[in-house]
Amino acid sequence: MIREIKFTVNENAVTPNARQFAGIAGEHNATQLLFTIEEALLEKIQQQADDSKELKYRFDCFDSCGALYSTESAPFTGETVTLPLGENITRLGGEAKIVLVVTLLNAESKTEMELLSVPVSVYFKGVPFASGKLDESRESLTSLEQSAKKAARNAEESAASATESALAAAASAALMKKGVKVFTGTEVEHSDLYGLLMAIPVEKSHELATANVGDLYLNTETDDTFIITDIRETVITPYPPYLHITFLEISNKSIEKALDKIIEIQNQLIGSVEE
């Protein structure tokens, strides 16, 4: 950890409230945010919990392009909480919005009340591009290594691409008969330590806004195939509502071979949603 940015939260404000310098674009866990809840506010929050209710906190992180990453919820037990800024937040540089959210869960682990929502702003200095067009997104060395491996793998498979496309079309048709929707595009983003996700503004028309858990998404740029494992709407004032869609990669140019596995996963996902 190179630097730590400290925020103090009371009933009416957070200090400092100005945008804070948080490092260089592409850094991973070099900067940590530390939030300290003042005693008066902390007592009010803790009074809401009892033996049947618990307090949880999470961070909702919006990068400079508005894409959302939410951390896993964790028990809210004391006056301080921290957030290391991973490469998935810093990679694009510019300004990021971080929101600390404290939630009260009932005995069924359902949200009863969101007790606290604290937004802060941080920014990252950009770095020069080694090569490429100015509008290309900067990637970490790890991401570039993975891209190179994928490019080599795709080159090895190029001779069979026409056959694979035909198999994909046949498999998609078979899935459609089973009531599963197959979406196509090139928009699955943010492949990192935390998985694959896409954030879609609710007010904008988007084909995936009609998707359901268990549906498929075929990235036509890479021929990777994904199954949708989670869809939820996130609303954080004053930001517009977003659909937060999570994907699981299930095959690479082999949809027909993976068809039985796809159906098995879909049945499990759809069954869990219905329960």
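Conventions adopted
- Residues numbered from 1 in each chain as written.
- Predicted model: local features only at pLDDT ≥ 70, side-chain atom pairs only at ≥ 80, totals over all residues.
- Heavy atoms only, no water.
- Helix = DSSP H or I, 4+ residues; strand = E, 2+ residues; numbered from the N terminus.
- Polar contact = N/O pair within 3.5 Å; in protein donor to acceptor, adjacent residues only side chain to side chain.
- Pairing = 2+ DSSP bridges.
- Buried < 20%, exposed > 50% of the residue type's maximum accessible area, 1.4 Å probe, protein only.
- Arc of directions from axis to C-beta.
- Contact = heavy atoms within 4.5 Å.
- Core = buried A, V, L, I, M, F, W, Y, C linked by side-chain atoms within 4.5 Å.
- Phe/Tyr/Trp six-rings, centres within 6.5 Å; stacked < 30°, edge-to-face > 60°.
- Lys NZ or Arg CZ within 6 Å of the ring centre and 35° of its normal.

> Can you explain the side chain of D60? Please cite residues and give values.
Relative to the assigned elements, D60 resides in strand 5 (residues 54–62). Among the polar contacts listed, one links the side chain of D60 to the side chain of R58, at a separation of 3.1 Å. Within the structure, D60 has its side chain in polar contact with the side chain of S70 (distance 2.6 Å).

> Describe the sheet that holds strand 8 (residues 80–84), with residues and values.
If you walk across this open sheet you meet the four strands as 2-1-4-8, and the pairing is mixed. Each having just a single partner strand, strand 2 (14–15) and strand 8 make up the two edges of the open sheet. Two strands pair when backbone bridges link them, and strand 4 (residues 31–37) and strand 8 are joined in this way by five bridges, in the antiparallel orientation. Residue pairing for strand 8: F35 is matched across the bridge by V81.

> Describe helix 1 (residues 39–46), naming the residues involved and giving the relevant values.
Among the residues of helix 1, L41, L42 and I45 are the ones counted as buried. End-on, the buried residues of helix 1 take up no more than an arc of 100°, which puts them together on one face. Taken together, the buried residues of helix 1 touch strand 1 (3–9), strand 4, strand 5, strand 9 (94–105) and strand 10 (111–125).

> Describe the nonpolar core, listing the residues and the values that go with them.
By size, the foremost hydrophobic cluster in this structure holds 31 residues, and its most contacted members are L33, F35, I37, F59, F76 and I98. Broken down by secondary-structure element, the contributors of at least two residues to this core are strand 1, strand 4, helix 1, strand 5, strand 8, strand 9 and strand 10. Those residues in contact with L33 that sit more than four places away from it in its chain are I5, F7, V81, T82, L83, L85, I98 and V122. Grouped together as the second largest cluster of nonpolar side chains are eight residues, F183, A211, F226 and F247 included.

> How would you explain the packing of aromatic side chains if you had to name every residue and give the values?
A ring pair, where both rings are aromatic, is described by two values, the distance of the centres and the angle of the planes. Taken as a whole and judged by the stated rule, the model has five aromatic pairs. An aromatic cluster of three or more residues is present, and its members are F7, F35, Y57, F59 and F76. Positioned over the ring face of Y123 is R19, at 4.3 Å from the centre of the ring.

> Give me unusual backbone geometry: which residues, what numbers.
Note the cis peptide between T15 and P16, where omega equals -5°. As for its placement among the helices and strands, P16 is situated in the loop between strand 2 and strand 3 (20–24). Positive phi, close to 60°, is recorded for N29, a residue that is not glycine. Its place among the elements puts N29 in the loop between strand 3 and strand 4. Residue N29 is classed as partly exposed on the basis of its relative accessible area, which comes to 31%.

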